[in-house]
Amino acid sequence: MHEWALAESILSTALNAAEKEKIKKIKEIVVGLGELQQVEQDIFEFALGELVKDQPEILKDVKIKIKSEKSNFVCNNCQNHWSFDDLKKGINEDESEAIHFIPEVALVHSRCPKCGSPDFEITKGRGVSILSIKGVK
Ligand SMILES: [Zn+2]
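Described below are features of the structure shown in this document. (Residues numbered from 1 in each chain as written. Predicted model: local features only at pLDDT ≥ 70, side-chain atom pairs only at ≥ 80, totals over all residues.)

Here we come to the sheet that holds strand S3 (residues 72–75). Ordered in space as S4-S3-S5, the three strands form an open sheet in which the pairing is antiparallel. Edge positions in the sheet fall to strand S4 (81–82) and strand S5 (120–124), since each has one partner strand and no second. By the bridge criterion, two bridges tie S3 to S4 in an arrangement that is antiparallel. Its bridge partner lying in S4, Val74 is registered against His81. (Pairing = 2+ DSSP bridges. Helix = DSSP H or I, 4+ residues; strand = E, 2+ residues; numbered from the N terminus.)

Written as structure tokens, this is what we have:
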């Protein structure tokens, strides 16, 4: 059910931003969905579509686009950067599937491709965020 909670927070964030910018009508919201985020995109889109119906006038004709955000990992040892795609090349399909659904597994199973250190962070590709809002003032 957390897709609904996420969708709700996206809409309220958009409303707050619109109020701040004195936007009278929101035309478009671009939502970034991290590829490591555990969200069912279909449910998320459906939730957004349903929730928009109960929103104030300002959101009446809004178009919501969802963009998948690529992941990024950074090594704490050598500062090397890599992505989930790079990671997938070094593991078998079962693990890749597991990483897709349980990002934490990525931390257990992989190493920095450059120096082999297991000490790295996920800097992108998690979470849901608003990338942009277009509106009319
Ligand atoms: Zn490294």
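Take helix H1 (residues 2–20) next. An α-helical turn contains 3.6 residues, so a residue and the one three or four places further along point in the same direction. Between its first and last C-alpha, H1 extends 27 Å over 19 residues, near the 27 Å set by a 1.5 Å rise per residue. All of the buried residues in H1 are Leu6, Ala7, Ile10, Leu11, Ala14 and Ala18. Buried residues along H1 cover an arc of 135 degrees about the axis, so they all sit on one side. Exposed positions of H1 whose direction lies more than 90 degrees from the buried face are Ala5, Ser9, Ser12, Asn16, Glu19 and Lys20. Tucked inside the fold, the buried residues of H1 contact strand S1 (25–34), helix H2 (41–52) and strand S6 (128–136). Where H1 terminates, the next one or two residues include Lys22, which has phi positive at roughly 55 degrees. (Expected span 1.5 Å × (residues − 1). Buried ≥ 20, exposed ≤ 12 C-beta atoms within 10 Å, placed from the backbone. Arc of directions from axis to C-beta. Contact = placed C-beta atoms within 7 Å.)

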